[in-house]
Amino acid sequence: QVQLVESGGGLVQPGGSLRLSCAASGFTFSRYLMSWYRQAPGKERELVAAINSPGSTTFADSVKGRFTISRDNAKNTVYLQMNSLKPEDTAVYYCNALWVALNYWGQGTQVTVSS
């Protein structure tokens, strides 16, 4: 049974930091492209960051220089370190695993940036 379980979301003040984790199980994690997406109220889901099996990364322009993505293949976990958070980063953040035609999603974790 495939599972992606996100954690680490919450309420943070502007300028603060959060670290999201996504624990994976039920598939060969190391093969997969792992990504974080987010969806704000009334907006479409958008790609935030991705990391492939060798560790190459890509980021949305809106988070470059503030967010980093990493993976630990031994722990089947992908992380999103979010620094210098802004109110516009408020969204539900989803973990995604993709390999060939196999595409899995987590249930999401809420991140709210507000004073």
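Everything discussed here concerns the structure shown above.
Notes on the structure in this doc start here. Predicted model only: the values in this text are computed from it and were never measured.

A grouping of Trp 99, Val 100 and Leu 102 is seen on the molecular surface, where their side chains present a nonpolar patch of about 290 Å² in accessible area. With respect to the element layout, Val 100 can be found in the loop between strand E9 (91–99) and strand E10 (102–105).

What follows covers the packing of aromatic side chains. Scanning the entire structure with this criterion turns up six aromatic pairs. Both rings, one in Tyr 32 and one in Tyr 104, keep their centres 6.0 Å apart while their planes meet at 25°; by these two values the pair is stacked. Taken together, the positions of Tyr 32 in the loop between strand E3 (18–25) and strand E4 (33–39) and Tyr 104 in strand E10 put the pair 72 residues apart, joining distant regions of the chain. Each member of the aromatic cluster is reached from another via a ring pair, and the members are Phe 27, Tyr 32, Trp 99 and Tyr 104.

Under the criterion given, the structure shown has one disulfide. Covalently, Cys 22 is tied to Cys 95 through a disulfide, its sulfur atoms 2.1 Å apart. Residues Cys 22 and Cys 95 are joined by a disulfide whose S-S torsion is about -80°; by sign, that bridge is left-handed. Of this pair, Cys 22 sits in strand E3 while Cys 95 sits in strand E9, placing them 73 residues apart in sequence.

Attention now goes to the pairing of E4. With seven bridges joining them, E4 and E9 adopt antiparallel strand pairing. In the strand pairing of E9, Arg 38 is matched with Tyr 93. The pairing of E4 with strand E5 (residues 46–51) spans five bridges and is classified as antiparallel. Of the residues in E5, the one forming a bridge with Ser 35 is Ala 50. The hairpin turn running from E4 into E5, its antiparallel successor, is six residues long, and Gly 42 in that turn takes a positive phi close to 80°.

In this section: the environment of Gln 3. Its place among the elements puts Gln 3 in strand E1 (residues 3–7). Along the chain, Gln 3 and Ala 24 lie 21 residues apart, while their C-alpha atoms are 5.6 Å from each other. Discounting chain neighbours no more than four positions away, the residues touching Gln 3 are Ala 23, Ala 24, Ser 25 and Phe 27.

Moving on, we come to the pattern of salt bridges. Scanning the entire structure with this criterion turns up four salt bridges. The partner of Glu 46 in a salt bridge is Arg 38, with the nearest N and O atoms 2.7 Å apart. Given a relative accessible area of 35%, Glu 46 falls into the partly exposed group. Arg 38 gets classed as buried once you look at its relative accessible area, which sits at 6%. Residues joined in a network through salt bridges with shared partners are Arg 38, Glu 46, Arg 66 and Asp 89.

About the cut-offs
- Residues numbered from 1 in each chain as written.
- Predicted model: local features only at pLDDT ≥ 70, side-chain atom pairs only at ≥ 80, totals over all residues.
- Heavy atoms only, no water.
- Patch = residues over 30% accessible without salt bridge, like charges linked within 9 Å, V, L, I, M, F, W, Y side chains within 5 Å.
- Areas by Shrake-Rupley, 256 points an atom, 1.4 Å probe, with all protein chains shown as cover.
- Salt bridge = Lys/Arg side-chain N within 4 Å of Asp/Glu carboxyl O.
- Helix = DSSP H or I, 4+ residues; strand = E, 2+ residues; numbered from the N terminus.
- Phe/Tyr/Trp six-rings, centres within 6.5 Å; stacked < 30°, edge-to-face > 60°.
- Disulfide = S-S within 2.5 Å.
- Pairing = 2+ DSSP bridges.
- Contact = heavy atoms within 4.5 Å.
- Buried < 20%, exposed > 50% of the residue type's maximum accessible area, 1.4 Å probe, protein only.

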